[in-house]
Amino acid sequence: DAEAEGVYAEALAIHTALGDVSGVAALRNNFGQTYRWQGRFEEAFVSFREAIRLFAEIGDTDSLRRVQHNIARTHIDQREYDEARVLLEENRQAYEQADDAAGLARTLRDLGMVYEELGRPDDALACYEQGIERLRQLERHQADEEARPWMYSSLGQLYAAKGEFDRAIDVFEMAVQ
């Protein structure tokens, strides 16, 4: 949206003038997200790459993981599932090393979806089950409230597709709790 871009551009000028590298990097990520939502994927990738460069420069590994996840989501939006899978597998390892259960759960949710699209339901099932286990480790207020029902629903659908209807029903019931 043009209004958001204008606000981001003004904020970018201010953060740049102040020498606030972290602020500039965060805004580059925001630009990338805005471009992604508009379907302007090449511009999104340019913004995300700049955000990664800046976050790496200041050693902000938490933000690096989030931007890499945004890049993977952009590949998903373009149906470039192999590229997304590679990035999400890297992100999975990074979130495991950082012991970031919420980030890992989001990554596993998206990785499961990618595996479904690639025709690998067993790998998708493993991702969803691991993601749900990670979500269970979190307090409800810490968990990604979007990820929880989505992951349970996806897991239930996979069980149903495999003919494991009792397991599917159990999982669907957990999704609404």
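Residues numbered from 1 in each chain as written. Predicted model: local features only at pLDDT ≥ 70, side-chain atom pairs only at ≥ 80, totals over all residues. Heavy atoms only, no water.

**What to know about the packing of aromatic side chains**
The line we're drawing: Paired rings are identified among Phe, Tyr and Trp, the last through its six-membered ring, by centres lying within 6.5 Å, and are further divided according to the angle between planes into stacked (under 30 degrees), edge-to-face (over 60) and tilted (the rest). Numbering of helices and strands runs from the N terminus; a helix is a DSSP stretch of H or I covering at least four residues, while a strand is a stretch of E covering at least two. Between buried and exposed lies partly exposed: a residue is buried under 20% and exposed over 50% of the maximum accessible area for its type, with that area taken using a 1.4 Å probe on protein chains only.
Counted according to the given criterion, the structure contains one aromatic pair. Judged by centre distance (6.0 Å) and plane angle (25°), the ring pair of phenylalanine 31 and tyrosine 35 falls under stacked. With phenylalanine 31 and tyrosine 35 both in helix H2 (residues 21-38) and four residues apart, this pair spans about one turn of that helix. Accessibility classification places phenylalanine 31 together with tyrosine 35 in one group, the buried group.

**Examining the packing of helix H4 (residues 61-77) against helix H5 (residues 81-98)**
Heads up, the rule is: For every element, the axis is a line fit to its C-alpha atoms; helices are fit only across the contacting stretch, and the angle between N-to-C directions ranges from 0 to 180 degrees. Every angle not falling under 35 degrees, over 145, or within 65 to 115 is termed oblique; those three ranges are roughly parallel, roughly antiparallel and roughly perpendicular. Put simply, a crossing is left-handed when the front helix is turned counterclockwise from the back one by less than a right angle, and right-handed when it is turned clockwise. Any two residues whose heavy atoms approach within 4.5 Å are treated as being in contact.
The N-to-C vectors of H4 and H5 enclose an angle of 155°; their axes lie 8 Å apart at closest approach. As far as their axial angle goes, H5 and H4 are roughly antiparallel. At the point where H4 passes H5, the crossing takes the left-handed sense. Seen from H4, the contacting residues are Arg65, Arg66, Gln68, His69, Ile71, Ala72, His75 and Ile76; seen from H5, they are Tyr81, Glu83, Ala84, Leu87, Leu88, Glu90, Asn91, Ala94, Tyr95 and Ala98.

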